Amino acid sequence: MTTQRHDFNAQPFLLEELPPVGRFSLRVRPGQREALAAALGLELPTVIGQRSTAGQTEVLCLGPDEWAILTAEAERDALVAAGAAAYAQIPHSLVEVSDREITLRLSGAQALTALTAVCPRDIDAIPVGRGARTLFDSATVLLWRDGPQDFRMDVWRSFLPHVRAILDKITVELKSGL
């Protein structure tokens, strides 16, 4: 009989809180998507879960008329100005939600295991470079898959203590070999 040994000091995954970024929720009618994309200087993907990048700005399609936009702090005002300039010809909703969410990065060998422990969605089926809105226990989150074992999770600030507490419990379980 062999005994399995565990390194109880090794972390099963790395958990980091990332610096703030400009965050926006964008809604526009599908027939006006292309015109607004041109006015904003962004690609607005049409497939739910698809992402696009322009400079330091990332866009994630959340629905047929909904996108999440992350941008560098320095580019926030330019995006707001472009949206305001286009509004009269292309009615849309561009709402800054920067203070609402915190981004956590989960990376490492058991990051996927940690996420699948409490997410009902098949996280492994999300291709690298895509994203999804999903649940983490009872908290709605945006999940960005940046690599096979590298994820970002946007969590509403009010749910952050709950999400961190669950991740702490998952860490203990994974470290103990459960």
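Computed from a prediction, not measured in an experiment: that's the story for all the values here. (Residues numbered from 1 in each chain as written. Predicted model: local features only at pLDDT ≥ 70, side-chain atom pairs only at ≥ 80, totals over all residues. Heavy atoms only, no water.)

## Description of the sheet that holds strand S4 (residues 57-63)
- Strand order in the open sheet formed by 5 strands is S3-S4-S5-S2-S6, and the pairing between neighbours is antiparallel. Each having just a single partner strand, strand S3 (51-54) and strand S6 (93-96) make up the two edges of the open sheet. Put simply, the sheet's adjacent strands are angled 20° from each other on average, direction ignored.
- Where S4 lies against strand S5 (residues 66-71), 5 bridges are found, and the strand directions are antiparallel. Considered in S5, the bridge of Leu 60 is made with Ala 68. (Pairing = 2+ DSSP bridges. Helix = DSSP H or I, 4+ residues; strand = E, 2+ residues; numbered from the N terminus. Axes fitted to C-alpha atoms, helices over the stretch in contact; angles between N-to-C directions.)

## Let's talk about the side chain of Thr 103
- Topologically, Thr 103 is positioned in strand S7 (residues 101-107).
- Within the structure, Thr 103 has its side chain in polar contact with the side chain of Arg 23 (distance 2.5 Å).
- Setting aside its immediate chain neighbours within four residues, Thr 103 contacts Glu 16, Glu 17, Leu 18, Arg 23, Arg 152, Met 153 and Asp 154. (Polar contact = N/O pair within 3.5 Å; in protein donor to acceptor, adjacent residues only side chain to side chain. Contact = heavy atoms within 4.5 Å.)

## Here we look at the packing of helix H1 (residues 33-40) against helix H2 (residues 76-86)
- Where H1 meets H2, the closest approach of the two axes is 9 Å, and the angle between their N-to-C directions is 135°. With respect to H2, the element H1 is oriented oblique. With respect to the hand of their crossing, H1 and H2 are arranged in right-handed fashion. Residues Leu 36, Ala 39 and Leu 40 of H1 form the contact with H2, whose own contacting residues are Leu 79, Ala 82, Gly 83 and Ala 86.
- Split by residue class, the contact of H1 with H2 holds 6 nonpolar, 1 polar and no charged. (Parallel < 35°, antiparallel > 145°, perpendicular 65-115°, else oblique. Left-handed = near helix turned anticlockwise from the far one by under 90°. Nonpolar A, V, L, I, M, F, W, Y, C, P; charged D, E, K, R; others polar.)

## Examining H1
- Three or more residues of H1 are buried, namely Arg 33, Leu 36, Ala 37 and Leu 40. For H1, the buried positions fall inside an angular range of 105° around the axis, keeping them on one side. Exposed and oriented more than 90 degrees from the buried face of H1 are Glu 34 and Ala 38.
- Those residues of H1 that are buried are in contact with strand S2 (22-27), S5 and H2. (Buried < 20%, exposed > 50% of the residue type's maximum accessible area, 1.4 Å probe, protein only. Arc of directions from axis to C-beta.)

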